[in-house]
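A closer look at the structure
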Amino acid sequence: MATDEKSAAKPQKIHRVRIGLNVVVQIALLFFLALMVNYLGFEHYTRWDLSRDKKYALSDKTRRFLDSIKGKVRATVFFSPSNPIGPDVQALLTEYQYAAKGKMDVENIDPERNLSRAKELFDKYKVVSDESLVILDYDGRNKTVKASEMAEVDQGNPMMGEQPKIAAFKGEQAITSALMDLVEGKKNVIGYVLGHKEPPVADAPPSLTPAMAADAGARSPISVLKTVIENENMKFQELNLFEVSAVPADLKTIMIDGPQYDFSDREMKLLKDFWEKQGRILLLLDPSAKTPKLNAFLYELGVKVNDDRLMAMVKTGIQEMARVRDVLGRFLPDSPITKRLAEVRGVFVGGTSSLALEQDRVRAANVRLQPLIQAEKGYWAETDYNTTDEAKLQADAAKNSGVVLTIAASIEKGGSADERVQANSSRLVVVTNASFIQDSAITQDQQALDFISGSVNWLLSREQLIGIAPKVPRTLAFSLDDNAMRNLRWLILVLLPLIPAVLGFAVWWQRRR
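What comes next concerns the included structure. Quantities reported herein were computed from a predicted structural model and do not represent experimental measurements.

Analysis parameters
- Residues numbered from 1 in each chain as written.
- Predicted model: local features only at pLDDT ≥ 70, side-chain atom pairs only at ≥ 80, totals over all residues.
- Heavy atoms only, no water.
- Core = buried A, V, L, I, M, F, W, Y, C linked by side-chain atoms within 4.5 Å.
- Buried < 20%, exposed > 50% of the residue type's maximum accessible area, 1.4 Å probe, protein only.
- Helix = DSSP H or I, 4+ residues; strand = E, 2+ residues; numbered from the N terminus.
- Contact = heavy atoms within 4.5 Å.
- Axes fitted to C-alpha atoms, helices over the stretch in contact; angles between N-to-C directions.
- Parallel < 35°, antiparallel > 145°, perpendicular 65-115°, else oblique.
- Left-handed = near helix turned anticlockwise from the far one by under 90°.
- Nonpolar A, V, L, I, M, F, W, Y, C, P; charged D, E, K, R; others polar.
- Expected span 1.5 Å × (residues − 1).
- Lys, Arg positive; Asp, Glu negative; His and termini not counted.
- Salt bridge = Lys/Arg side-chain N within 4 Å of Asp/Glu carboxyl O.
- Polar contact = N/O pair within 3.5 Å; in protein donor to acceptor, adjacent residues only side chain to side chain.
- Pairing = 2+ DSSP bridges.

What about the nonpolar core?
- M255, L284, V429, F436, F451 and I452 are the most contacted members of the largest nonpolar core, which totals 43 residues.
- Looking at this core element by element, the count peaks at seven residues for helix 13 (residues 447–459).
- Setting aside its immediate chain neighbours within four residues, F436 contacts L284, V347, F348, V431, A441, I442, A448, F451 and I452.

Considering the packing of helix 3 (residues 60–68) against helix 7 (residues 171–184)
- The geometry of helix 3 relative to helix 7 is characterised by a closest axis approach of 11 Å and an angle of 30° between their N-to-C directions. It follows that helix 3 is roughly parallel to helix 7 by the angle criterion. Seen from above, helix 3 lies across helix 7 with left-handed handedness. Only E172, T176, L179, M180 and V183 of helix 7 make contact with helix 3, whose side of the interface consists of K61, T62, F65 and L66.
- Within the contact of helix 3 with helix 7, the residues separate by chemical class into five nonpolar, two polar and two charged.

Considering helix 13
- The terminal C-alpha atoms of helix 13 lie 18 Å apart, and with 13 residues this matches the ideal 18 Å at 1.5 Å per residue to within 8%.
- Helix 13 sits mainly inside the fold: 13 of its 13 residues count as buried.

Concerning the packing of helix 3 against helix 4 (residues 86–100)
- Axis separation between helix 3 and helix 4 bottoms out at 9 Å; the angle between their running directions is 50°. Between helix 3 and helix 4, the crossing angle belongs to the class labelled oblique. The interaxial crossing formed by helix 3 with helix 4 has right-handed handedness. Facing helix 3, whose interface residues are T62, R63, L66 and D67, helix 4 presents Y96, A99 and A100.
- Considering only residue class, the contact of helix 3 with helix 4 consists of four nonpolar, one polar and two charged.

Comments concerning the side chain of R280
- Tracing the backbone shows R280 in strand 12 (residues 280–284).
- The charged side chain of R280 is buried without a salt bridge, its nearest counter-charge being E412 at 6.0 Å.
- One polar contact links the side chain of R280 to the main-chain carbonyl oxygen of S425, over a distance of 3.0 Å.
- From its side chain, R280 meets the backbone oxygen of L459 in a polar contact 2.5 Å long.
- When sequence neighbours within four positions are dropped, the list of residues in contact with R280 reads K252, T253, I254, F274, S425, S426, R427, W458, L459, L460 and S461.

Topic: the pattern of salt bridges
- Under the criterion given, the structure shown has 30 salt bridges.
- Between R117 and E120 there is a salt bridge, and its shortest N-O distance comes to 3.2 Å. Of this pair, R117 and E120 both sit in helix 5 (residues 115–125), three residues apart, which is roughly one turn of that helix.
- For E120, a relative accessible area of 47% gives the class partly exposed.

Structural notes on the sheet that holds strand 4 (residues 141–146)
- Taken together, the four strands give an open sheet; going across it, the order is 2-1-3-4, and neighbouring strands pair in mixed fashion. The sheet is open, and its two edges are formed by strand 2 (104–109) and strand 4, each paired on a single side. Pairwise comparison of adjacent strand axes, ignoring direction, gives a mean angle of 15° for this sheet.
- When strand 3 (residues 133–138) meets strand 4, the two strands line up antiparallel, connected through six bridges. In the sheet register, L136 faces strand 4, and the bridge partner there is K143.
- Docked against the sheet, helix 7 engages strand 1 (73–78), strand 3 and strand 4, running at close to 165° with respect to strand 4.

Here's the deal with the pairing of strand 21 (residues 406–414)
- For strand 21, the tally of buried residues reaches eight of nine residues, placing the bulk of the element in the interior.
- Note that strand 19 (residues 367–375) and strand 21 share seven bridges and pair antiparallel. Looking at strand 21, one finds that Q374 is bridged to T406.
- Alignment of strand 21 against strand 22 (residues 425–431), held across seven bridges, turns out to be antiparallel. Within the sheet, the bridge partner assigned to G414 lies in strand 22 and is S425.

Functional significance is not addressed by these values, which are geometric in nature.
Laid out in structure tokens, this is it:
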């Protein structure tokens, strides 16, 4: 019995080596896990822009362009601390660095504090402006983006103590446009066909008023589109087919925007010769204009322009209906032009006709047709569009409901149906509405601009640049009617002061008890 108690009281041998190894292994595992977490967080991360207007989120087009860059970009920022857009520019360039994935370096220099470094770079890049700016350097070429190009600033009234305010920050548009100029070098030229009463692409020249003061000329009806095109390293060049013996060789793409008169036989020959030599054409038709020769050219390629107008009946009251001709179109996902706009809706104001795509008729000629935009449900194609007989229109609407109506299509001859295969081909985009790209019709959502940009980039074989373009932020404004102002007044003068009064009374009553 005593022996058993003695053996039970004998202490256990401590395995110090085993415990030490266990502690070392645990520390090593914790150290390894910490390294893995840091590595994964540094190399594989996701960024979210939770701001209301997505101020710091780069557009799809900019990200795709940065992915296509082969070399390395160096951005040098010369902004004084007093410049109101300085923090926005730095935050924006940080987003560029993340999106470029190591292909962009950014150096921030305060020209007021680091004078020697600023002077060195100013001499290198031949900078003569004292304005805050960003210098972009790529493959030995450089371009300067000034602060005035990146924002619209409301200077306010200094006499009243008002500080400058940023009305619209356009940094992404300016910087991406400059990068495209640097990377691509020479601008892509688009021939803008004139001579058939198309909208002018150039602003009217200034004139003198009776008081001999300069009066700015009228702006081009497509000035917004022109700005978007120029921001993507492209430019319009006026082209009058009456004045040339052939489409100039440096024009790989031409745009025909709503001609009011038909083309002559000679012009049609130049247009067909251009098409057969792997030309690229953007054709916007005005259905109210009679252009049988242009329509016949499209018919040869398998696209029939129907003599009709798209209409829809919409409710304007409890029992009231109205007929509208503005078409709500839906972008289709099956084309590289519109797949990034898939299922987005855009408004096509004015008259629009339907297209019939006859693929079987042109398949043997290696011509491929692809619908791009279809009208939403509820529209019908009215052939008797000048009638005022409401009963007939309502009967036609009921009879033709549910019919799929195409209003834009792409045509490609030659090449390959596989997007991954780069092969020369003739390309054409046709839309049966020409007014949707005009300044008066473009909405804040910019679907028309994104569609035309995608069409032009597809025509120029720049598929990597097809995407949703950056949008210009606008100042948020609230418009209150008299009733809303009255409610707001009661809220401020009565309800808000009443809340702390009630809480105070409740506390006093509780303590009194």
